[in-house]
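Chain by chain, the residues:
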Protein chains: 6
Amino acid sequence: MSTSAFGIVRRNIKRADKAAVQKLSRYGVATVHEAQGRLGLMKTFMRPIYTGAKACGTAVTVLMHPGDNWMLHVAAEQIQPGDIVIAACTADNEDGFFGELLATSFRARGAVGLVIDGGVRDVMEISAMEFPVFSRAISAKGTVKSTLGSVNVPVVCAGASVEPGDVVVADQDGIVVVPAAIAAQVADAAEAREANEADKRKRLAAGELGLDMYKMRDALAKAGLKYVD
Amino acid sequence: MSTSAFGIVRRNIKRADKAAVQKLSRYGVATVHEAQGRLGLMKTFMRPIYTGAKACGTAVTVLMHPGDNWMLHVAAEQIQPGDIVIAACTADNEDGFFGELLATSFRARGAVGLVIDGGVRDVMEISAMEFPVFSRAISAKGTVKSTLGSVNVPVVCAGASVEPGDVVVADQDGIVVVPAAIAAQVADAAEAREANEADKRKRLAAGELGLDMYKMRDALAKAGLKYVD
Amino acid sequence: MSTSAFGIVRRNIKRADKAAVQKLSRYGVATVHEAQGRLGLMKTFMRPIYTGAKACGTAVTVLMHPGDNWMLHVAAEQIQPGDIVIAACTADNEDGFFGELLATSFRARGAVGLVIDGGVRDVMEISAMEFPVFSRAISAKGTVKSTLGSVNVPVVCAGASVEPGDVVVADQDGIVVVPAAIAAQVADAAEAREANEADKRKRLAAGELGLDMYKMRDALAKAGLKYVD
Amino acid sequence: MSTSAFGIVRRNIKRADKAAVQKLSRYGVATVHEAQGRLGLMKTFMRPIYTGAKACGTAVTVLMHPGDNWMLHVAAEQIQPGDIVIAACTADNEDGFFGELLATSFRARGAVGLVIDGGVRDVMEISAMEFPVFSRAISAKGTVKSTLGSVNVPVVCAGASVEPGDVVVADQDGIVVVPAAIAAQVADAAEAREANEADKRKRLAAGELGLDMYKMRDALAKAGLKYVD
Amino acid sequence: MSTSAFGIVRRNIKRADKAAVQKLSRYGVATVHEAQGRLGLMKTFMRPIYTGAKACGTAVTVLMHPGDNWMLHVAAEQIQPGDIVIAACTADNEDGFFGELLATSFRARGAVGLVIDGGVRDVMEISAMEFPVFSRAISAKGTVKSTLGSVNVPVVCAGASVEPGDVVVADQDGIVVVPAAIAAQVADAAEAREANEADKRKRLAAGELGLDMYKMRDALAKAGLKYVD
Amino acid sequence: MSTSAFGIVRRNIKRADKAAVQKLSRYGVATVHEAQGRLGLMKTFMRPIYTGAKACGTAVTVLMHPGDNWMLHVAAEQIQPGDIVIAACTADNEDGFFGELLATSFRARGAVGLVIDGGVRDVMEISAMEFPVFSRAISAKGTVKSTLGSVNVPVVCAGASVEPGDVVVADQDGIVVVPAAIAAQVADAAEAREANEADKRKRLAAGELGLDMYKMRDALAKAGLKYVD
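Colleague: In this structure, what is going on with the pattern of salt bridges? I would like to understand it.
Modeller: Under the definition given, this model contains 99 salt bridges over all chains. The residue A:Arg217 makes a salt bridge to D:Glu77 at a minimum N-O spacing of 2.9 Å. Remark: D:Glu77 occurs in the loop between helix H3 (70–76) and strand E4 (83–89) and A:Arg217 occurs in helix H8 (residues 217–223); the pair is interchain, linking two chains. Accessibility expressed as a relative area gives 32% for A:Arg217, which makes it partly exposed. When its relative accessible area of 25% is taken as the criterion, D:Glu77 is described as partly exposed. A single salt-bridge network, built from bridges that share partners, covers A:Glu34, A:Arg38, A:Arg193 and D:Arg121.

This is the structure:
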C-alpha cells in the first residue's frame, strides 16, 4: 500500500474538446470563472512571472515532491501541442523547479504554458521567450531528481482540483480549471456573458448608475438601507 | 450555467465501511498518512482549537462562501452518527463560522468533530465540551446567512480533496483524508505499520542508531558522505 | 508640522461608565461583538499568551515605534484601576516590548490587562502571574527607549480604532472595542442576547435543527436550494 | 442595537479644501507622510495594480463584508469629481470586489481612483484605462450582492483610519490619509520639505556624505560609535 | 565545485565549556539575549511544541534539504550528552522531518532537545516524553532519505548563524545562540543582569514607576514630551 | 558585555578579488548558486524594486535596528567603487529605510546596488535612476536616526550569512552570496556551467527530451516508475 501512490505516468488521457478549448481561450479568467458558476479558481498567491502572460490549454498534471523536479522531465514526454502543464507539490515549497531549459523543452513539445504551485527561475529568459508561466514564487534554487511523483493523476494545485485533460485558463486575474466534460458548456456561457457586457460598459461609461442598471434600489431599501444627510 | 454550481444538498451518500473507520480511529494521522502512501494531507495551517483534540469519522462536506455559514445549518440535518463535518470555503476567510450552538447541534446529531477551512468562535466553551474542532483560525466575528453553497459535493478543503463519505482522521499532527474505497486497505496498512514500530522504538531507546537499524551506511557512503575530523 | 504628531500624553481622559464596563465583563467577545452590530473587532493574529486569559477594562492607549517601548513606561503613570493598556505601533513589529517587570508595574497601578500589536516576552512568568496579555507575537528581543510616541491619543490597534476611555473586552475568541459613549447600550444588548441563548442551546442539544428553530427552510427554498439523492 | 451598525449612506460629507487637495497631489506619498509627522500610512501589503499608478482625492468611504460588493454600487452614486473611493472590509478577504465595469462607472462619476482592502479583477483592462487602483490582492473571483454595509462612515482601511472627505494620496510607495482639517497645513509642509530636497540631492550627488551634510558625526561619537581597522 | 558543499560530517567539534553551558541553562532566553548584547536570536515563527518546553545545550548542527530527513539520522551518531540538535533547511519547508522514533533515539544518545527550521510530527508522544522541541511547524507528512546534506557545518537556522559547539538556549520566549568562545562571559553577564532584576521587581510591585526608577523624566522632557489635559 | 555588540564600524575589509567579481557579474544568480554547490541563497521574499534590476559587487554590510536607518548613513562613507551594500535588521521590519537621497549618495560613492532586508521608498525615482535595489518591502514610512548598529560586521541578511567583502550577485531570480575566499573558483565553475548549457538548449529546442539527454530512463525505471494507459 505504502508505495503505490507515486510513480505512475498515465499516457492516454482524454483531453477536452479542441473547439471548446479554443473558444475558452478567447475569454478572460474572470469571465470563465463566472460562466462556470464561480468554481475552480486557484489561490491568489499564484502570479504570472511577467505582465501580460496568458495561456489556455489542456492539462498535463504533475505531482512533485518538495525540492525535486524529476517529474517535470517525465511530464515533458507526455505533452501534446495545446497542453498546459499543471504542477502540484506534496507540500508548500518555493524552490526553482523550472527554468529556461525546461521552458525550451516544453515549448518544443507544444506546451502553451506552465502553472506550478512552486518556484521558477530564469524568469528574464522565460519572459523574453514569452512562455507563459504562473507560479507561487520565484527562486534561483535548483532541485534534485531523486524521488518519484506522478504524471497525469488527479491533483490539487493551489487549492483547485485538476484532472488530466481539463481546460486551464490563466491570465493576470488568476487561474481557473474547467472540467473537460463541461468545457463546451462553459465556453458557451462565457460567450453569452461577454456579449452582455459591451452594452453595460457603454451605459456605465455614459454615467448610468449600476443601482439603476441592475435595478438594485428596491432590494437595498428592503434590506433596510438608510440615506442620511 | 452560472447558477447551477451552488445550492445542492446530496442526501444519500455512500459512507466508508464502519469497521474500517473504527480501525482507522486507532491510529494517528502520521501513521495513516504513511499507510496511504503519503497522500491526502491537509495544509499545516489547520490546527486543533484545544490540545489533545482527536477525531475520526465519515465526511459530510460543506461548501460555504466567505462570511456566510448558512450551509452549516443545512449540513446539520445530513449528519449521521459517526460523521465528521468538513467545511470548505470558496475563498480564504477567517470569520467565525461556527460556535457553541452549532457544536451543540452537531453533537446532538451524532457528529464526532468538525474540520473547517475558516474560523471558529466560542473556543473555550467548545473545548469544555470536548467537541474536536480543527480550523484555520479563531475569530469572534459572526457570519451572515444569505448565499447558497452546497452540502455533500466534492470539495477541496485546506489543500486536500474530499468526497462525501470519505474517512477523515484528525489529531495534533494534522488532518488526513482517506477515500472511502480504500479505507479498509489503508486501515490494514496502518495496523501493520504500527506493529512494526514498537520494536524499533525499543532498539532506538537502547541506543542503537537508525544508521544501523535501517542499514543506511552503505547508501550514505555510495552517495558520497564524507566524515572529517 | 512634522514633529507635532508624536510626543503627547493626555492625562485626563473620559473613561466609559464603570457599571457598563462591569456588565460587559460578564460577556464573551463573540457576544459583545454581536451586540455591537459586528463592529470593532481586532484582527485574528492577536492571540492570548496563555489559555484562558480574559480581560475587560477602559483603554489607556499607547502609540509606539518599532523596536521602542519607551511609551509603555510613560503609559504606566496614566493607568488607573480598571484600565487595560492598548498598545499600537507605527509599523508591524514583533519585538518583545513588554515583559515581567512592566507586567508587575502595570498590575501595581491597577491595570487589568494588555493588548499589544507587537511582541511580548517573559511569557511563562506573566502567565504564572495570570496577567492577561494579548499580542501579535512572542519575542525575547528587547527594545530601546529613544523615540517619542504618544499616550492616550486615538490609535488603530490590530485593525480596530480605539479612543482612550473606550471599553476593550478580550478573551480566547478575540478582542473587541466598545466606544465609551455606547458602552451601556452594548452591555444591555449583550445581556439580552445571552438570555436568549440558553433556550436555543437546550433545544439544539435535544436534537432540534437550526433549520427549524431559526425557520430557515422557506428562505433556503426561495433561494433555490435543491435536495438530491 | 444589533442591526444599526450597517446600512447607512451619508450623502453630505465635508470634503477637504480643493486647493489643498490639488497642492497635495503634487507630492509623493513619502513626502506627504513625512510632512504630516509620519502618521496615517496604510499597510505595505496594499499595492498598485500597475506600475506608475498615482492618485490623490477626497475620500468616499465604503464598508463592505467579505465576498460582497453591493456597497460599491451604492457608493458610485455618492462619488463627486475628484473623489477617491476607499473600501474597507469587515474581515480580511481577497475576493475580486471590483472590475472593469465598476471602474468604468467610477470614472464616469468623476472618481480619480480606488483604494480597496480586498481583491480586484480585470487588471489588464483597468490598467489599460489607466484608472489607478491600489489593492490587497488580485482575484478573478466575483462577489455577491446581499448584505448591507455602509457608505461614508469612518472606516479603518489597511490599518489606517479614514473619515469621509479626508484626502488620500496613493502612489508606488504606499497610501497616506490626510485628515481634511489639516490638509492645507500638510500640503504646505510637503511643499517646504520638497523645496529642501533639491539642494540635498545635489550635494549628495557631488559625493558629500550625509554624515557631514546632516552633521551626524558628533551624535554618533556621543552614542559610542567606534571605528576599527 | 558543485558537489562539495554537501555531504560532510564533522566528527570532532569544539563544544562550549560545560560550566558555562550549565550556568546559561539557569537563565531565560530573554535574559541571555540581553546579556549578549541583543544578538543571536532566531525568528519568532519558531515555537515550542508544548507549553513549558525549555532546553540549553551545545549545538550539533544539521543542514537538510526540503522533504528529506536523512541527515537527522546521520546526526544522531554525532550527539554527545548535553548536545542540542540544530536543524536548518536549504529552503523553507514544513514537512514532518522528526517524530517520536527520532526523539527516542536522540534522547538515548543524550540530546537535551531539538531546534528545527522545519516541521515535526508525533507531537503528543514527544510532549508526553517531555523532549523539548522547537519548530517552524507541525506536520504529519513524512520525508524521504535520498539527498546528502551535512552535519556539524556552520548553518543559518531561522535567521540566526550557528556554529557547531555553540550554546543554544530555548524556552517559551524564543531561541538564542551564544558563540562558544563567549559563553562564559555571556553567562556571567546573565547572572549579573538577573541579580539586578529582583530589586526592580520589588519596587515596581510596590507601585514605583519605571519613569522614576529608571530616571527617564529628564530624557523624556528633553526629547519634547508634552503632558496635556 | 551588553553594549559591545553594536556600534562598530570596520574600515579595512578584505574585498574579493576584482577579476572574480567581474567574472561573476557575467552570470545569473541561478547559475552562480549552482556553481557554488547550492549554498548562500537569500530568501525568496527579497524582490527587485524594478524589472530588470541586476547587480554584482563586494559587500559592505550594515546591521540596523527596526525603524532606524542611521547606520546606512554611516555605511555610505565606507563604500568603495564596486561595492554593494547589504543591510540586515535585528528584527523583521518593513519601514522605508532607504530612498532617493541615499541612492544618490550611494551611487556617488561608487555603490553598484543595495540589498536590504527591510523596506525602501521613492521607488519610482530610484527605478528611473536605474540604481538596483532588492528589498523585502516597499514602504513610504521614514525611519529615525537614534540607535547604533554596526557596519562591516558579519550579518545574516534574509537568511544568508554575509561577511564584509563577500561577493553578492542579485537579479530577478534572487540574491546569492559568494564568500570572498572562493569567488574565483565559483566564477570558474559558473563559466563552465554556462558553456555547457548552450548545447543542451539547442537539443531541447529541437525536441529531444531531457529524459534522453540526461539519460534518466534507467534511473526512473529502477526507482519503479510505471507507465499505464
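Colleague: Got a minute to help me understand the interface of chain E and chain C in this structure?
Modeller: Note on interface size: it is often stated as the accessible area lost on association of the parts. With 35 residues of chain E in contact, the opposing surface of chain C contributes 34 residues. Summing both partners gives a buried area of about 3,000 Å² for chain E against chain C, and 61% of it is carried by carbon and sulfur. Remark: the boundary between chain E and chain C carries four salt bridges. Secondary-structure elements contributing two or more residues to the side of chain E that touches chain C are helix H2 (29–35), helix H6 (183–205), helix H7 (210–213), helix H8 (217–223) and strand E13 (226–228) of chain E. Take the side of chain E that touches chain C: its biggest share by element is six residues, from H6(E).

Colleague: Explanation requested: helix H6 (residues 183–205) of chain D in the structure shown.
Modeller: An α-helical segment advances 3.6 residues per turn. Residues three or four places apart therefore align on the same side. Taking 1.5 Å per residue, 23 residues should reach 33 Å; H6(D) reaches 33 Å between its end C-alpha atoms and fits that length. Considered for burial, the residues of H6(D) that qualify are D:Ala183, D:Val186, D:Ala187, D:Ala189, D:Ala190, D:Glu197, D:Lys200 and D:Leu204. Against helix H1 (18–24), helix H2 (29–35), strand E11 (167–171), strand E12 (174–178) and helix H7 (210–213) of chain D together with helix H4 (100–108) of chain F lie the buried residues of H6(D). Trailing H6(D) by a residue or two, D:Gly207 shows a phi angle of about 100°, which is positive.

Colleague: What am I meant to see in the packing of H6(D) against H4(F) here?
Modeller: When two helices pack together, their arrangement is given by the angle between the helix axes and the distance between those axes. H4(F) packs onto H6(D) with a crossing angle of 20° between their chain directions and a minimal axis gap of 8 Å. When the axes of H6(D) and H4(F) are compared, the pair comes out roughly parallel. Taken as a pair, H6(D) and H4(F) cross one another with a handedness that is right-handed. Across the interface between the two elements, D:Glu197, D:Lys200, D:Arg201, D:Leu204 and D:Ala205 of H6(D) pack against F:Glu100, F:Leu101, F:Thr104, F:Ser105 and F:Ala108 of H4(F). Partitioning the contact of H6(D) with H4(F) into residue classes produces four nonpolar, two polar and four charged.

Colleague: Help me understand the side chain of C:Asn93, please; the structure alone is not making it clear to me.
Modeller: Considering the arrangement of structural elements, one finds C:Asn93 in the loop between strand E4 (83–89) and strand E5 (96–98). Classification of C:Asn93 as buried rests on a relative accessible area of 1%. Separated by 2.9 Å, the side chain of C:Asn93 and the backbone nitrogen of C:Gly67 make a polar contact. Setting aside its immediate chain neighbours within four residues, C:Asn93 contacts C:Pro66, C:Gly67, C:Asp117, C:Gly118, C:Gly119, C:Arg136, F:Pro66, F:Ala91 and F:Asp92.

Colleague: Before we go on, may I ask you to explain the arrangement of the chains in this structure?
Modeller: There is a gap between chain A and chain C: no contact, and a shortest C-alpha distance of 14 Å. Considering only C-alpha positions, the minimal separation of the non-contacting chain D and chain E is 14 Å.

Colleague: Please explain the pairing of strand E11 (residues 167–171) of chain E as it appears in this structure.
Modeller: For a regular strand, side chains alternate in direction, first toward one face of the sheet and then toward the other. All names here are of chain E. Most of E11 is tucked away, with five of its five residues classed as buried. Burial of E11 is two-sided: the residues Val167, Val169 and Asp171 facing one way and the residues Val168 and Ala170 facing the other way are all buried. As paired strands, strand E3 (residues 55–64) and E11 are joined by four bridges and run antiparallel to one another. Paired with Gly57 across the two strands is Val168, which belongs to E11. Both E11 and strand E12 (residues 174–178) contribute to a ladder of five bridges, which runs antiparallel. Its bridge partner lying in E12, Val169 is registered against Val176. Linking E11 back to E12 in an antiparallel pair, the connection comprises two residues.

Colleague: Would you explain the interface of chain F and chain A in this entry?
Modeller: Each partner contributes residues to the interface: chain F has 35 residues there, and chain A has 34 residues. A combined buried area of about 3,000 Å² lies between chain F and chain A, and 61% of that area is made up of carbon and sulfur atoms. For chain F, the biggest contributors to the area lost against chain A are F:Asp173, F:Tyr227 and F:Asp229; these three give 19% of the whole. For the pair chain F and chain A, the interface holds four salt bridges. Linking F:Asp229 and A:Arg11 is a salt bridge whose minimum nitrogen-to-oxygen distance equals 3.3 Å. Applying the counting criterion to the chain F and chain A interface returns 15 residue pairs in polar contact (both at pLDDT 80 or more). For the side of chain F that touches chain A, the elements supplying multiple residues, two or more each, are helix H2 (29–35), helix H6 (183–205), helix H7 (210–213), helix H8 (217–223) and strand E13 (226–228) of chain F. Here the side of chain F that touches chain A gets six residues from one element, more than from any other, and that element is H6(F). A class-by-class count of the residues in the side of chain F that touches chain A yields 15 nonpolar, eight polar and 12 charged. With three bridges joining them, strand E1 (residues 8–10) of chain A and E13(F) adopt parallel strand pairing. Opposite A:Ile8, over in E13(F), you have F:Lys226 as the bridge partner.

The rules we used
Residues numbered from 1 in each chain as written. Chains lettered and ligands numbered in written order. Predicted model: local features only at pLDDT ≥ 70, side-chain atom pairs only at ≥ 80, totals over all residues. Heavy atoms only, no water. Salt bridge = Lys/Arg side-chain N within 4 Å of Asp/Glu carboxyl O. Helix = DSSP H or I, 4+ residues; strand = E, 2+ residues; numbered from the N terminus. Buried < 20%, exposed > 50% of the residue type's maximum accessible area, 1.4 Å probe, protein only. Contact = heavy atoms within 4.5 Å. Buried area = accessible area lost by both parts, 1.4 Å probe. Expected span 1.5 Å × (residues − 1). Axes fitted to C-alpha atoms, helices over the stretch in contact; angles between N-to-C directions. Parallel < 35°, antiparallel > 145°, perpendicular 65-115°, else oblique. Left-handed = near helix turned anticlockwise from the far one by under 90°. Nonpolar A, V, L, I, M, F, W, Y, C, P; charged D, E, K, R; others polar. Polar contact = N/O pair within 3.5 Å; in protein donor to acceptor, adjacent residues only side chain to side chain. Pairing = 2+ DSSP bridges.

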